[in-house]
Amino acid sequence: MPNLFDLIVLGSGPAASRVVSHCAKSGWKIAVVDPNPVGGTCALHGCNPKKVLVRAAELVDRAHRMAGSGTKLDTAEIHWPDLVCFKRTFTEPVTPNRRDAYHELGVEIIQARPRFVGPTKIDVGDRTIEARHIVIATGAQPRKLAFEGVEYLTHSDQFLELDYLPDRMTIIGGGYIGFEFAHVVARAGTKVKIVDQSDPLASFDRDLVNRLVDCSKTVGIEVQSHTEVQSIRRDEDGNFHLAMLGDHGVQTHETDLVVHAAGRVANVHGLNLEAAGIEYSERGIVVNDYFQCPNNPAVYAAGDVVESGLPALTPVANYQGITVANNLLEGNLFKNEYPVVPRAVYTVPSLACVGMTEAQAKEAQLNLKINCDDWSHFSSMKKVGETHAMYKVLIDKDTDQIVGAHLLGPESAELINIFVLAMKMGATTSTLKTMPFVFPTFVADLKSML
């Protein structure tokens, strides 16, 4: 097999796929190297399959909320084995479809662990391959936890393949994954506890997070913050016993399953980046504004493996991958523009935001107008029985423009995109208030938030 390429791409997720597609269509000879099934985390055991589970949880939750309000839906339930089978109809075609697409583009797929042995040379099994350019898009991996019994942890990809749910589940980590999994399994009847060593969902607005925690409690989710897991022990009956240090000293907790959701770090282990002169940290590979490695201009990086100042999200990986592809094909003409990036936690209801938090806006000393209220009092929420909806919109009085928006409620992950467009286009609140949105809808509620 030939060992010289125009481009070697490490990884096969969203960022990698954008680079490969653009460059292959321009006639480049490309190798994709990935020791894992082709397709990446998001499509195989991340965002997409998780959303299948979340949609089921939303349906059951909505049915229960509307029971007795002209409907007889109180018996709606999740049947986990069937739901997992349905989820697999989305994930199982990913790898063969992606492999077929690469083959049609003339891309060679190498299933091996890559290891740099020079600035542009990589060992892959018993071969050494080389290219004019290399793109690192290896994504992220679970953060290593340091306590006795870590071998008993179930990781997120393993959780998504469970054929049956236990009666009791404990989740270590109160971030996106922890809360999303908790809200799904709670609607499936599992008693769940979230343990976090700091504040839950720390990067989101505190007022809305507190409301979400209150909502979580109503469906049987216990959230224990400022608590550190010190060890996990398994007894002869298969039960797990956690020793935890919190505000009230050392506590023990018994559970049937312990899920690791305590964060992810850049997946650079084993790449031997030092051999290529590539600088990196736990936050990711260091790149310049063109997503190029400063000490090795032949190498670019994109996606969750990059330290770029942007959130580690699939839309960001797509953006970075396209930017890298354009820079490879046209020279470094396209910089990281730090786009307006929304974020969402797919709980039930969902939490979404874009722009500054109230604390950040105040630290920036903006002339701020804060519109914050209980969204559940709106007619749109009463019609679906939602009791824990809330919004907070931050407006710069000097420009009449939105600088931050925070939503907790049904379809918040959809509605937040209206705020993204408004902020991107620099629209004033005065203009938005005159928009003839379809009424009555969640989107129409936006006018009352300004």
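Analysis parameters
Here the residue index of a chain counts from 1 through its sequence in written order. Local features in this predicted model are restricted to residues of pLDDT 70 or higher, and side-chain atom pairs are both shown and tallied only at a pLDDT of 80 or more, whereas totals for entire chains, interfaces and linings draw on every residue. Based on all heavy atoms of the structure, the side-chain values leave hydrogens and waters out of the count. Strand pairing is assigned whenever DSSP identifies at least 2 bridges connecting the two strands. Numbering of helices and strands runs from the N terminus, with a helix taken as a DSSP run of H or I at least four residues long and a strand as a DSSP run of E at least two residues long. For helices, the fitted line uses only the C-alpha atoms of the stretch in contact; every axis is such a line through C-alpha atoms, and the angle between N-to-C directions lies from 0 to 180 degrees. Residue contacts are counted whenever heavy atoms from the two residues lie within 4.5 Å of one another. Two kinds of site are reported from a 1 Å grid over the protein atoms alone, namely cavities, where a 1.4 Å probe fits but cannot get out, and pockets, open sets with protein on both sides within 12 Å along at least five of seven lines, and residues are called lining when an atom falls within 4 Å of a point. Grid points are joined across faces, edges and corners, and a volume is the space filled by probe spheres set on the points. Exposure categories follow from relative accessible area, calculated using a 1.4 Å probe and restricted to protein chains: below 20% of the type maximum is buried, above 50% is exposed, and the middle band is partly exposed. When the strands point away from the viewer, a crossover counts as right-handed if the path from the first strand over the helix to the second runs clockwise. Salt bridges are counted wherever a side-chain nitrogen of Lys or Arg sits within 4 Å of a carboxyl oxygen of Asp or Glu. Any angle between 65 and 115 degrees counts as roughly perpendicular, while under 35 counts as roughly parallel, over 145 as roughly antiparallel, and the rest as oblique. The hand of a helix crossing depends on one turn: near helix anticlockwise from the far one by less than a right angle means left-handed, and clockwise means right-handed. Residues are grouped as follows: nonpolar covers Ala, Val, Leu, Ile, Met, Phe, Trp, Tyr, Cys and Pro; charged covers Asp, Glu, Lys and Arg; every other residue, Gly included, is treated as polar.

1. Some thoughts on the sheet that holds strand β14 (residues 258–260)
Next, step 1: The strand order across the open sheet formed by four strands is β10-β9-β8-β14, and the pairing between neighbours is parallel. With partners counted over all chains shown, the strands left at the sheet margins are β10 (221–224) and β14, one partner each. When the angles between neighbouring strand axes are averaged without regard to direction, this sheet yields 20°.
Next, step 2: With four bridges connecting them, strand β9 (residues 191–195) and β10 associate as parallel partners. The residue of β10 that forms the bridge with lysine 193 is glutamate 222.
Next, step 3: Across the face of the sheet, helix α7 (residues 176–187) comes into contact with β8 (168–172), β9, β10 and β14 while running at roughly 170° to β9.

2. Quick look at empty space enclosed by the protein
Next, step 1: This structure, assessed with the given rule, holds one cavity of 30 Å³ or more.
Next, step 2: Residue lining of the largest cavity: Lys51, Arg55, Glu58, Tyr346, Ser350, Glu411, Ala413 and Glu414, and that is the complete set.
Next, step 3: Among the secondary structure elements, those contributing two or more residues to the lining of the largest cavity are α3 (47–66) and α12 (412–425).
Next, step 4: Take the lining of the largest cavity: its biggest share by element is three residues, from α3.

3. Examining the side chain of aspartate 205
Next, step 1: Along the chain, the position of aspartate 205 falls in the loop between β9 and α8 (206–218).
Next, step 2: A residue is classified by how much of its surface remains accessible, and aspartate 205, at 6% relative accessible area, is buried.

4. Examining the pairing of strand β2 (residues 30–33)
Remember that side chains alternate between the two faces of the sheet whenever the strand is regular.
Next, step 1: Side chains Ile30 and Val32 of β2 all project onto a buried face; the interleaved residues Ala31 and Val33 project onto the opposite face, where all are buried too.
Next, step 2: Direction of pairing for strand β1 (residues 4–10) relative to β2: parallel, over a ladder of four bridges. Looking at the pairing, leucine 10 lines up with valine 33 of β2.
Next, step 3: Note on the crossover from β1 through helix α1 (residues 14–24) to β2: the handedness is right-handed.
Next, step 4: For β2 and strand β3 (residues 108–110), the ladder comprises three bridges, and the chain directions are parallel. Looking at β3, one finds that valine 32 is bridged to isoleucine 109.

5. Here's the deal with the pattern of salt bridges
Next, step 1: Counting across every chain of the model gives 20 salt bridges.
Next, step 2: In this structure, arginine 88 engages aspartate 163 in a salt bridge whose closest nitrogen and oxygen atoms are separated by 3.2 Å. Here arginine 88, found in helix α4 (residues 80–91), pairs with aspartate 163, found in the loop between α6 (156–159) and β8; they are 75 residues apart in sequence, far enough to count as distant.
Next, step 3: Taking the relative accessible area as the measure of exposure, arginine 88 reaches 18% and is therefore buried.

6. Points about the packing of α1 against helix α9 (residues 314–330)
Next, step 1: For the pair α1 and α9, interaxial distance at closest approach is 7 Å and the crossing angle is 30°. By the angle between their axes, α1 is roughly parallel relative to α9. In the crossing of α1 with α9, the sense of the turn from one axis to the other is right-handed. Of α9, the residues touching α1 (which contributes Pro14, Ala15, Arg18, Val19, His22 and Cys23) are Thr314, Ala317, Asn318, Gly321, Ile322, Val324, Ala325, Asn326, Leu328 and Leu329.

7. Focus on the layout of surface pockets
Next, step 1: Here the second largest pocket is characterised by a volume of approximately 200 Å³.
Next, step 2: Lining of the second largest pocket is provided by 15 residues; of these, Glu58, Leu59, Arg62, Pro410 and Glu411 occupy positions nearest its centre.
Next, step 3: Among the residues forming the lining of the second largest pocket, the class breakdown is five nonpolar, three polar and seven charged.

8. Topic: the pairing of strand β24 (residues 401–409)
Next, step 1: Among the nine residues of β24, eight are classified as buried, and the element is accordingly described as predominantly covered.
Next, step 2: In the sheet, strand β21 (residues 350–355) pairs with β24 via six bridges, with the strands oriented antiparallel. The residue of β24 that forms the bridge with leucine 351 is leucine 408.
Next, step 3: Here seven bridges tie strand β23 (residues 390–396) to β24, and the two strands are oriented antiparallel to one another. Bridged to aspartate 396 within β24 is glutamine 401.

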